[in-house]
Number of protein chains: 2
Amino acid sequence: MFTPISYEDILYFKSIVNNRCFIDDESKFIYSKDETEDISILPEVVLKPETTEEIASIMRYCNKQKIAVTPSGARTGLSGGAIPLHNGVAMSMEKFNRILEIDEKNNQVITEPGVITQVLQDAVKEKGLFYPPDPASKGSCFIGGNVSENSGGPKAVKYGVTNEYVLNLEVVLPNGEIIWTGANVLKNATGYNLTQLITGSEGTLAVITKIVLKLIPHPTHDLLMLVPFYDAEKACEAVSEIFRAGITPSGLEFMERDALVWTQEFLNDTSIHVGEDHAAHLLIEVDGFNPDILMNDCAKITEVLEMFETDEILFADSKAQKDTLWKLRRSVGEAVKGTSIYKEEDTVVPRFELPTLLHHIKRIGTNYGFKSVCYGHAGDGNLHVNIIKGELSNTQWNDELPIAIRELFQEVVKLGGTISGEHGIGLVQKPYMDIAFSETSLNLMRSIKSVFDPNGILNPGKIF
Amino acid sequence: MFTPISYEDILYFKSIVNNRCFIDDESKFIYSKDETEDISILPEVVLKPETTEEIASIMRYCNKQKIAVTPSGARTGLSGGAIPLHNGVAMSMEKFNRILEIDEKNNQVITEPGVITQVLQDAVKEKGLFYPPDPASKGSCFIGGNVSENSGGPKAVKYGVTNEYVLNLEVVLPNGEIIWTGANVLKNATGYNLTQLITGSEGTLAVITKIVLKLIPHPTHDLLMLVPFYDAEKACEAVSEIFRAGITPSGLEFMERDALVWTQEFLNDTSIHVGEDHAAHLLIEVDGFNPDILMNDCAKITEVLEMFETDEILFADSKAQKDTLWKLRRSVGEAVKGTSIYKEEDTVVPRFELPTLLHHIKRIGTNYGFKSVCYGHAGDGNLHVNIIKGELSNTQWNDELPIAIRELFQEVVKLGGTISGEHGIGLVQKPYMDIAFSETSLNLMRSIKSVFDPNGILNPGKIF
C-alpha cells in the first residue's frame, strides 16, 4: 500500500532538511513508540523539519510517492497516535519549539506546536495569563500533541479541554498546501469549522504548524483538599452532589485506594496517610481571585461531604503540600505502569453515572478475572481504567480481555458516554469505534479523511 | 439543477406529514424570507414534520428526486440561511418544540430544535441552571437556528458562543439516515468532531432534530452600567483595557450615538439621557454569585474608565432600569432597520483592533459616501456595521457598495479578523468568502459538503 523509502527518497529529504534526517537505529527506535503500553514500530526515517515550508515540501513529496508520514510530538500519548504503524517517515515536530507571540492586548498566544505545554503555561503566567488545559504529562508533552488529541487534564472540569482554547491553526495539508483554518477571533460564524475539525483529529488530517490559543486571566488563589471515602462508589456519588450544590471546582479527581498506595510506593513518599479502610479519595481544588469566596466554596463542599461517610479531610496548608498532592495525582499513570503490565481505558460518562460506571467496571472485572485500578477526572465523568495483567495468562490477556473491554465500552455508551474522553483513539481503541459510532458516522469520518488525504499517507491506520 | 415539485411529490409529502403540508400562497410567503434585508424567495411547498422519522422519509425522498430542501427555524436569521434560494421544500422545524429533558443530575438539557431560546433559558433557570448564549432575537429565535448559525449574543464575552455548549446532536443526513454526532459528555476524544462540524454549518450538512446542551449554575447577581464617551474610538480602546485589568464582564456592548438615539425614537422611550456631545456608549455588565465581588469589579472598571474622557456613568439601580437598558441594546437592529434601508455586516476582529476597525469603517464610508451605524459585542471584537441607504442612489447601493464592503472585509481580515462573528454567511456574505479563506480552504469545505450531501439538495446555495 505504501512505498518503502528508497535511497533517492533519503537524498530528497536531505535536500530539504539537511542534517535533520536520521536513519540510524537509535533514532528510529526513539520515534517508534509513545507512552502507549508496549508497542514499538520502527519508522524508516526520522525527519526534523524546522519550518512550515520544509513540512510542505516533505508532504508534497510523500504524497506523490505514496510514503506514509506520521507526525510525532513529545511521544507522551496513550493511544498510539505517534506510532508509525506503516513505517515510512516519522516527522518530529520538536524543532517547532518557539512561542511566537504572547499577545497581551488580546489575551492570545501564537505558538509553534513543539513547545512543552508547561513551558507555554509558565510563559503566559508571567504576564498574568492562563492557559488551563493541563494533561498529566504537561511537563513533557507538546502543545501540538494536546491540540491533536484534544487533551484534557484536571483543570478541564472548570475551564474546558483544549479545543475550547484553539482559535486558529496554520496547518500543512497532506498534499503540501498550507492554510489557516480560521481567524484570531473569539467568535467565528464564517464557513465550516475547520479549526474544530482538525483539533482532536489525531494528526490524521493535517500537520499543525502554528497554533493561536485564547488565554484568560490567571486565578490568583486556590485551595486543595483530599477526602478519604470508605466506599469508592460513594466517592463517585459525592462528585455530582458537589456540582448540584452550585460549586464548580477547578479540579475534582478520583483515585481508588491502590492508585494512591502504588503511587506513594513508586514515588517513595508516604507523607499522605492512607487508612486501611480508605477505599478511594477525592482530590478537590477550587480556584479564583478571592480567598474568602474560596473558603466559602470549601465550606459548601464540606457541607455536601457530610452527607457521605468520609474519614478526616486533609486541607493542604502549604504550597509544598499542594505540590505533593498534585504530584501524587499526576504520577498515578506512571506508577501503575511501573507496577504491572497494564491496559488503560479512557472511559467517560455523564458525571452522575460515575458510580454505575465503577460498578460495571468491577463487575466485568470479576466476571473475566481481572483487577483494575481506577482514577481520573471524576468531575468530568472521565475515569481512567487501568486493567492489571497480574496473574492473567497470555491467552486471557490477549484473547479474553478485548471481549471484556468491549463489554465495558458497551456499558459506557449505554450510560450516554463514549470510549475516549481525552486520550484519543489512535491505534489501541480503534477496534471499539463501532461501539461509539454507527457505520454511517464512521463512513462520514472516513470520507472526511479522504477529503483531506486522498492517498491516506498522513498518520495511516489511526482512528479507523 | 433541482427537480420542480410535482403533484406526485405533494401526494408523497402528504402521505408522510398528513395535513402539515402547505402549498397556499400565504404559507409560501411566510417561509420565503427571514430577517435578512429585503430578500424573499418562495418555496414550492412548506412541510412541518413532527418526528425525526418524518424528516428522514422526506430527506430520503428528496435526495432521490433531487428536490431542494431548506430547513427553516424561526426565520430570525440575518444572513439568509433559511431562505429557500432554489425553491423546493421549506422544512419548518416549528413542531419540534419540546424540551425533552432537563437533566439536573448532569447539568444538561436535551431539547428539540424548535424551542424558542428564551423559553429554554427560562425553563432551565427555574432549576437554577443557565444556558448563556442569548442572541438579540432570543425571545423569538429557535435554539436549532442558534446551533446552526453558532449564535452569540452579549453573554458570549464571558460565557462563549453556542458551540461551547453543544455536547451532542441527533441529525438527519441528506440521504435520510439518522445519526448521533457524539455523546452526552463534557469531554470527548473519540473520532472526528462531527458535533462541532455540524454546529455552525448553517443547515447545509444535516437537519438537526435533537440537541444536548451543557448547562452551568445560574449566576445570582449582576450589575449594569452605561458609559457615555465623547469619542467613539476611545470607547473601543477602553474595551480592551477593561480586560487587561483582569475583569471579564458578562456583557460589554458598544453603541454609536445614532444606534442609541434611533432606538430610543423607535421604542418611544427617552428615559436614558444622551448628551449632545456623546459619540458612543459602552454598556457593561458583570455577573456572578457574590454582590461584593461584583461591586469590586465595577470599582475596577470605573478605575480603568478614568483613563478615558467619559461623561457621567449611569449605574442601573433597579431591575426595571436594567431591563430598559438591555431592551434598548437588543432593539438597535430593529430600530435601524425601521429607520432606513440598510445592509448589516457582522465584522469581528481581535478585541484590541476595535478602534482601528472603527476607523476603517468610517474612512471607507467617507470614501464611498455612505453613513453607518455601528454597535455590537465589543468585548468579543464583534462589531455590527449597519450601512444606511439614506440618500445613496440605487447604482451606488447596488454596484458601489459591494466594492466598499469588500474593502472593509479586507481590512478586517488584515487585522486578524473575519467576515462573520455570529450571523453566518448564508446568502448575503458568500460573495466575500474568498477574502476570509483561500481557494484551498474553500475547496475543503465544498468537499466536506459533498461528503454529507453528494446531491447538494440540503439548503443549496448557502455559504459557497
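Keep in mind that what you see is a predicted model, and the values were worked out from it rather than measured.

(A) Inspection of the packing of helix 12 (residues 354–368) of chain B against helix 13 (residues 394–414) of chain B at higher detail. All names here are of chain B. Running from N to C, helix 12 and helix 13 cross one another at 155°; their axes reach a closest spacing of 10 Å. Relative to helix 13, the element helix 12 lies roughly antiparallel. Two packed elements cross with a definite hand, and for helix 12 against helix 13 that hand is right-handed. Touching L357, H360, I361, R363, I364 and Y368 of helix 12 are Q396, E400, I403, A404, E407, L408, E411 and V412, all from helix 13.

(B) Fine view of the nonpolar core. Counting 171 residues, the largest nonpolar core has F254, L282 and F452 of chain A together with F254, L282 and F452 of chain B as the members making the most contacts within it. With near-sequence residues (within four places) excluded, F254 of chain B lies in contact with A232, A235, C236, A280, H281, L282, L358, C374, Y375, G376, A378 and L383 of chain B.

(C) Summary view of the interface of chain B and chain A. Each side of the interface is counted separately: chain B has 81 residues, and chain A has 81 residues. A combined buried area of about 6,000 Å² lies between chain B and chain A, and 62% of that area is made up of carbon and sulfur atoms. It is K187, T190 and Y192 of chain B that lose the most area in chain B upon contact with chain A, and together they represent 16% of the buried surface on that side. Counting every contact that joins chain B to chain A gives four salt bridges. Of the charged contacts in the structure, one is a salt bridge between D380 of chain B and K187 of chain A, with a shortest N-O distance of 3.4 Å.

(D) Just unusual backbone geometry, in detail. Residues and elements named next belong to chain B. Its identity is not glycine, yet N87 carries a phi of approximately 60°, on the positive side. Following the sequence through the fold, N87 ends up in the loop between strand 3 (69–72) and strand 4 (89–92). Even without a glycine there, the phi angle at N150 is positive, about 50°. Counting through the fold element by element, N150 comes out in the loop between helix 5 (143–149) and helix 6 (156–159).

(E) Focus on the relation of the copies chain B and chain A. By a simple turn and slide, chain B fits onto chain A: the slide is 0.0 Å along the axis, the RMSD is 0.0 Å, and the turn is 180°. On this basis, the relationship between the two copies can be described by a two-fold rotation axis. Most of the interface of chain B is mirrored in chain A: 100% of its interface residues are interface residues there too.

(F) Expanded view of the sheet that holds strand 8 (residues 166–172) of chain B. Residue and element names in this part refer to chain B. Spatially, the five strands line up as an open sheet ordered 5-6-10-8-9, and their pairing is antiparallel. Whereas interior strands pair on both sides, the edge strands pair on one side only; in this sheet they are strand 5 (99–103) and strand 9 (178–180). Here the strands of the sheet are splayed against their neighbours by 10° on average, with no regard to which way each runs. Of the strand pairs in this sheet, strand 8 and strand 9 are connected by three bridges, and their pairing is antiparallel. When the bridges of strand 9 are listed, E170 appears paired with W180. Here helix 4 (residues 117–125) sits on the sheet in contact with strand 5, strand 6 (108–111) and strand 10 (207–214), set at roughly 35° to strand 5.

(G) A look at the sheet that holds strand 5 (residues 99–103) of chain A. All names here are of chain A. Across the sheet, five strands lie side by side as 5-6-10-8-9; this open sheet has antiparallel pairing. Edge positions in the open sheet fall to strand 5 and strand 9 (178–180), since each of these has one partner strand only. Between one strand axis and the next, the sheet turns through 10° on average, direction left out of account. Sheet topology places strand 5 next to strand 6 (residues 108–111); four bridges connect them, and they run antiparallel. Within strand 6, the position partnered with E101 by the bridge is I110.

Parameters and conventions
- Residues numbered from 1 in each chain as written.
- Chains lettered and ligands numbered in written order.
- Predicted model: local features only at pLDDT ≥ 70, side-chain atom pairs only at ≥ 80, totals over all residues.
- Heavy atoms only, no water.
- Axes fitted to C-alpha atoms, helices over the stretch in contact; angles between N-to-C directions.
- Helix = DSSP H or I, 4+ residues; strand = E, 2+ residues; numbered from the N terminus.
- Parallel < 35°, antiparallel > 145°, perpendicular 65-115°, else oblique.
- Left-handed = near helix turned anticlockwise from the far one by under 90°.
- Contact = heavy atoms within 4.5 Å.
- Core = buried A, V, L, I, M, F, W, Y, C linked by side-chain atoms within 4.5 Å.
- Buried < 20%, exposed > 50% of the residue type's maximum accessible area, 1.4 Å probe, protein only.
- Buried area = accessible area lost by both parts, 1.4 Å probe.
- Salt bridge = Lys/Arg side-chain N within 4 Å of Asp/Glu carboxyl O.
- Least-squares fit on C-alpha atoms with pLDDT ≥ 70 in both.
- Pairing = 2+ DSSP bridges.

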